[in-house]
Amino acid sequence: MSVAFVREDSAATAQEISLPERPISPHPNLVTLSGLAALEQAMASARAAWEKAQKLDELAERRHAAELAARDMRYYAERLNSAIARPDPVDHEIVGFGARVTIEREDKRRQTFRIVGEDEADPRNGSISYVSPVARALLGKRVGDVVDLNGREVEILVIA
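A brief look at the structure comes next.

Rules of the game
- Residues numbered from 1 in each chain as written.
- Predicted model: local features only at pLDDT ≥ 70, side-chain atom pairs only at ≥ 80, totals over all residues.
- Heavy atoms only, no water.
- Pairing = 2+ DSSP bridges.
- Helix = DSSP H or I, 4+ residues; strand = E, 2+ residues; numbered from the N terminus.
- Axes fitted to C-alpha atoms, helices over the stretch in contact; angles between N-to-C directions.
- Phe/Tyr/Trp six-rings, centres within 6.5 Å; stacked < 30°, edge-to-face > 60°.
- Buried < 20%, exposed > 50% of the residue type's maximum accessible area, 1.4 Å probe, protein only.
- Lys NZ or Arg CZ within 6 Å of the ring centre and 35° of its normal.
- Polar contact = N/O pair within 3.5 Å; in protein donor to acceptor, adjacent residues only side chain to side chain.
- Contact = heavy atoms within 4.5 Å.
- Core = buried A, V, L, I, M, F, W, Y, C linked by side-chain atoms within 4.5 Å.

**Some words on the sheet that holds strand β4 (residues 110-116)**
- Within the open sheet, the five strands sit side by side as β5-β4-β3-β7-β6. Their pairing is mixed. Each edge of the sheet is formed by a strand with only one pairing partner; in this case those strands are β5 (127-129) and β6 (146-149). Direction aside, neighbouring strands of the sheet carry axes that sit 45° apart on average.
- Relative to strand β7 (residues 152-159), β6 runs antiparallel, the two being bridged by four bridges. Across the sheet, the residue bridging to Val147 is Val154, located in β7.

**Things to note about the packing of aromatic side chains**
- Using the criterion set out here, one finds two aromatic pairs in the structure.
- Both rings, one in Tyr75 and one in Tyr76, keep their centres 5.2 Å apart while their planes meet at 80°; by these two values the pair is edge-to-face.
- With a relative accessible area of 15%, Tyr76 lands in the buried category.
- Here Phe97 and Tyr130 contribute two aromatic rings whose centre-to-centre distance is 5.8 Å and whose plane-to-plane angle is 80°, an arrangement assigned as edge-to-face. A residue pair is termed long-range when its members are at least 10 positions apart, and Phe97 in the loop between β2 (83-86) and β3 (100-105) and Tyr130 in the loop between β5 and α4 (133-138) qualify at 33 residues. For the residue pair Phe97 and Tyr130, the accessibility class agrees, reading buried in each case.
- Taking NZ or CZ as reference, Arg22 lies 4.1 Å from the ring centre of Tyr75, over its face.

**Some details on the side chain of Arg114**
- Its place among the elements puts Arg114 in strand β4.
- Judged by relative accessible area, Arg114 falls into the buried class, the value being 13%.
- At a separation of 3.1 Å, a polar atom in the side chain of Arg114 contacts the main-chain carbonyl oxygen of Gly98.
- Not counting residues up to four positions away in its chain, the partners in contact with Arg114 are Thr32, Ser34, Asp88, Gly98, Ala99, Arg100, Gly126, Ser127 and Ile128.

**Here we look at the nonpolar core**
- In this structure, Val95, Val101, Ile103, Ile115, Leu138, Val147 and Ile156 are the most contacted members of the largest nonpolar core, which totals 19 residues.
- Secondary-structure elements contributing two or more residues to this core are β3, β4, α4, β6 and β7.
- Val95 has contacts with Val101, Ile115, Leu138, Leu139, Gly140, Lys141, Ile156 and Ile159, leaving out every residue within four places of it along the chain.
- The next biggest cluster of nonpolar side chains, apart from the first, holds seven residues, and it includes Val31, Met43, Ala46 and Tyr75.

Okay, here's the thing in structure tokens:
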């Protein structure tokens, strides 16, 4: 039920409920060098948001903004602390972490993915997490290998 339909003191209490922590993956925190830089930038942005929140005049707004920023700072601190930076692969014989892989589907549609860390994955922009089902199926394979992805075959065309 929306707090708009409850007593005013309940609305104030609802605003003060702490947000849950951002979940931390149980997988090793592998990151590309660009992913590590992105985590550092995200931490800097979270710090800036916290500092900005401290200057807000309205108490409830200041608390909420500061809590969001502090939660993000805790998350990024943990991710930076646990980050295992991996350089870009130099061997393009086998699909590995950081590799850019082009596959061809049965319908002749081609797709290119870069296999990256969880925090830097963005499938719409061509990067997938190394723990994703697609990446798991491709890791360790070579050009010309045919791989089963959800009951459909794909062929690895390029590893870069």
